[in-house]
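Observations on chain architecture
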Amino acid sequence: MNENKPAVRPADIVKEFLIYGVLLDISPMGNGHINDTFISAWNQGGTVVRYTHQRINHHVFIHPEEVMENICRVTSHIRAKLGAAGGPDIGRRVLEVVPCRTGKPWFRDKDGYYWRTYCYIEKSRTGETVTSAQEAELLGRSAGRFQKQLADLGGPRLFETIVNFHNMETRYVSFHKALEKDEFNRAKNAGPEIEFYLENEDRGGILIRSMRNRLIPERICHNDAKLSNILLDDETGAALCVIDLDTVMPGSSLFDLGDLIRTVTITAAEDEQDLAKVGFNPVLYRALLKGYLGEALEFLTSAELKLLCESGRNLAHIMGLRFLTDYLEGDHYYHTSRPGHNLDRTRTQMTFIRSMDKQWAQAEQITRDLTSEAAGR
């Protein structure tokens, strides 16, 4: 989201957190859509230790305290489970929140911006595209494991950090308003894209209608489980943990699987301008779903299983609509680096959906085969 940057210096902010040692360096990190991220290095008794710091975008997450309460509950629960199981490298398999000097998991600066700090997970990376079936399977397993780890989280219901985040019906309300207003006179540049989303409005509501009618259950899930939000080991390529936990809240298991399908099985980057490179890869779909069902089958209902394949098309539909709406509204939500960037993202999602539609019979057969195979183990 594009907005004025704060007047405070990140180098001053990080000293408000419980980190000992001498600050050596701090610099911007990554290209996230929403939050501003920095990485710092500290000399701690002769050892260089790094931390990740983020300024939470309070225009998107209007209650940062609730975001951080969710994150602390979720990471503490997962860490306890990993500890009980005696697994190795716990510090690399779940994010660790570093409190500020007041003991809170966030710090609010003089301009009203909220900041948080995590221990940096060394020798790790995220990816934008997947090229091997093995990597796709590991990613699917990671998402399924994350949902399974949180299936028994006790206590009160998690906060909804963004209300109606994956509610296609409310997304369409926003789209129609943006189209009618056309404040930036951009609708004329997006005729085919607008037509596509108007024609497919009813199809897009299948997941949210299923939740509202209680055909599929509410679960705790990531709600933004795209490829770039799963941390991978640099050396082995194994999935370490799920990151960017701002949207961990009540939702559907299918939201997470769908986001992985749209980002793992696509044959190009999310903002690829050459649409000839964009398509749905059924080989990667098979591997991804095999990994996911290996962890998730034990808690999924029959109604959820019937919508596994649909989830990928649906999440691509939601994201394409969000990109198009933001384009019509003047690119105020997502970071953009060029004119028409959000429109490029929209076209990529549309092309992916059309490719998946062409291979729908094959995708559904893969889904049936893997569901039967996993159930028969």
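To be clear, the structure that these remarks concern was listed above.
Residues numbered from 1 in each chain as written. Predicted model: local features only at pLDDT ≥ 70, side-chain atom pairs only at ≥ 80, totals over all residues. Heavy atoms only, no water.

1. Considerations on the layout of surface pockets
Basically, it comes down to this: Think of a 1 Å grid over the protein atoms and nothing else: a 1.4 Å probe that fits but is trapped marks a cavity, an open set flanked by protein within 12 Å on at least five of seven lines marks a pocket, and residues with an atom within 4 Å of a point count as lining. Grid points are joined across faces, edges and corners, and a volume is the space filled by probe spheres set on the points. Comment: elements are numbered from the N terminus, with helices defined as DSSP H or I runs of at least four residues and strands as E runs of at least two. Three categories are distinguished: nonpolar for Ala, Val, Leu, Ile, Met, Phe, Trp, Tyr, Cys and Pro, charged for Asp, Glu, Lys and Arg, and polar for the others, with Gly belonging to the last.
Quantified by volume, the second largest pocket comes out at close to 440 Å³. What lines the second largest pocket is a set of 17 residues, among which Arg-171, Ser-174, Glu-329, His-332 and Tyr-333 lie closest to the centre. Ranked by residue count, the leading element in the lining of the second largest pocket is helix H12 (residues 308-328), at 4 residues. Of the residues contributing to the lining of the second largest pocket, the split by class is 7 nonpolar, 6 polar and 4 charged.

2. As for the side chain of Ser-253
Stated formally: A simple rule labels every residue: compare its accessible area, found with a 1.4 Å probe on the protein chains alone, to the largest value its type can have, and call it buried under 20%, exposed over 50%, or partly exposed in between. Contacts are residue-level and defined by heavy atoms, with any inter-residue pair within 4.5 Å sufficient.
Along the polypeptide, Ser-253 turns up in helix H9 (residues 253-264). The exposure class of Ser-253 is buried, given its relative accessible area of 0%. Excluding anything up to four places from it in sequence, Ser-253 contacts Gln-147, Arg-219, Tyr-292, Leu-300 and Glu-304.

3. Remarks on the environment of Phe-165
Along the polypeptide, Phe-165 turns up in the loop between helix H4 (133-150) and helix H5 (168-181). The buried category is assigned to Phe-165, whose relative accessible area is 6%. Excluding residues within four positions of it along the chain, Phe-165 makes contact with Arg-171, Asn-223, Thr-247, Met-249 and Arg-322.

4. Details of the nonpolar core
For soluble globular proteins, nonpolar side chains are generally found buried alongside one another. Counted only if it meets this: Nonpolar cores are built from buried Ala, Val, Leu, Ile, Met, Phe, Trp, Tyr and Cys residues. Side-chain atoms within 4.5 Å join them into one set.
Ranked by internal contacts, the top residues of the largest apolar core, which has 98 residues, are Tyr-292, Leu-293 and Leu-308. Listed in part, the 13 residues of the second largest apolar core include Val-14, Ile-19, Trp-42 and Tyr-113.

5. Here's the deal with the sheet that holds strand S8 (residues 230-233)
The criterion, for reference: Following DSSP output, two strands are said to pair if at least two bridges run between them.
Strands sit in the order S6-S8-S9 across an open sheet of 3 strands; the sheet is antiparallel. On the outer flanks of this sheet lie strand S6 (124-125) and strand S9 (239-242), each paired with one strand and no other. As paired strands, S8 and S9 are joined by 3 bridges and run antiparallel to one another. Each residue of the ladder has a partner; that of Leu-231, found in S9, is Cys-241.

6. Things to note about the sheet that holds strand S3 (residues 47-56)
Stated formally: Where helices are involved, their axes are fitted lines through C-alpha atoms of the stretch in contact, as for all axes, and angles between N-to-C directions lie from 0 to 180°.
With respect to topology, 5 strands assemble into an open sheet ordered S1-S2-S3-S5-S4, the strand pairing being antiparallel. Of all the strands in the sheet, just strand S1 (22-28) and strand S4 (107-108) have a single pairing partner and so form its edges. Note: S4 against strand S5 (residues 114-119), 2 bridges, orientation antiparallel. Its bridge partner being in S5, Arg-108 is matched across the sheet by Tyr-114. Lying over the sheet, helix H2 (residues 64-85) contacts S3 and S5, oriented at roughly 20 degrees with respect to S5.

7. Description of the pairing of S3
Sheet analysis places strand S2 (residues 36-44) next to S3, joined by 9 bridges and oriented antiparallel. Residue pairing for S3: Asp-36 is matched across the bridge by Arg-55. Taking the residues that link successive antiparallel strands as the turn, the S2-S3 hairpin has 2 residues, and the phi of Gly-45 there is positive, at about 65 degrees. Here S3 runs beside S5; their pairing, made up of 6 bridges, is antiparallel. Following the sheet pairing, Ile-56 is matched in S5 by Tyr-114.

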